[in-house]
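Chain and residue survey
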Amino acid sequence: MKLILAIVQDKDSQRLSNRLVEENIRATKLSTTGGFLKSGNSTFIVGIEDERVEDVLAVIKDTCESREQFITAPVSLDATFDSHMAYPIEVQVGGATVFVLPVEGFHQF
Ligand code: 2BA
């Protein structure tokens, strides 16, 4: 058995939830926050048999889009500039960041 942790953008999370249910893949969705953008994303926890890992990855790949996002970073390089000046930085977010981990035990009591 494997544990899949998939961090996806909030915009894709409902579609991914629906697809996982359709494909009979059990999952738990957590509301999470990206450390860099400090904005909301969603983390799916999926416990799955080894032979279905590729199916889960295919569903995630099919559902989650990569998007460009801008953040506004403060500039404080030169004391002669207004310290409130800010400039936008473009970052590419997602589709999905996925970890596949081995599972030592699985119990449902
Ligand atoms: P965030 O940390 O909010 O990062 C959003 C996007 O900002 C990243 O997209 C990446 O393009 C950029 N970014 C992140 N850290 C950066 C840095 N130090 N300098 C420049 N750009 C940076 P993704 O790589 O697609 O990541 C999307 C989200 O997935 C991340 O949101 C974070 O929540 C999670 N994530 C990504 N890599 C991770 C990792 N190695 N461990 C844990 N979570 C991760």
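Since the model is a prediction, treat every value here as computed from it, not as a measurement. (Residues numbered from 1 in each chain as written. Predicted model: local features only at pLDDT ≥ 70, side-chain atom pairs only at ≥ 80, totals over all residues. Heavy atoms only, no water.)

Right, let's talk about the layout of surface pockets for a bit. A volume near 400 Å³ is recorded for the largest pocket. Surrounding the largest pocket, 21 residues form its lining, Gln9, Leu37, Asn41, Gln69 and Val93 being those nearest its centre. Looking at the lining of the largest pocket, the elements with two or more residues in it are β1 (2-9), α1 (10-22), β3 (40-48), β5 (86-93) and β6 (96-102). In the lining of the largest pocket, the residues fall into seven nonpolar, twelve polar and two charged. (1 Å grid on protein atoms, 1.4 Å probe; cavity = no way out; pocket = protein on both sides within 12 Å on 5 of 7 lines; lining within 4 Å. Points joined across faces, edges and corners; volume = space filled by probe spheres on them. Helix = DSSP H or I, 4+ residues; strand = E, 2+ residues; numbered from the N terminus. Nonpolar A, V, L, I, M, F, W, Y, C, P; charged D, E, K, R; others polar.)

In this section: the packing of α1 against helix α2 (residues 53-63). It is at 9 Å that the axes of α1 and α2 come closest, and there the two elements cross at 145°. Crossing of α1 over α2 shows right-handed handedness. The residues of α2 that touch α1, namely those facing Asp12, Arg15, Leu16, Arg19 and Leu20, are Val59, Ile60, Asp62 and Thr63. Each residue belonging to the contact of α1 with α2 can be placed in one class, and the counts come to four nonpolar, one polar and four charged. (Axes fitted to C-alpha atoms, helices over the stretch in contact; angles between N-to-C directions. Left-handed = near helix turned anticlockwise from the far one by under 90°. Contact = heavy atoms within 4.5 Å.)

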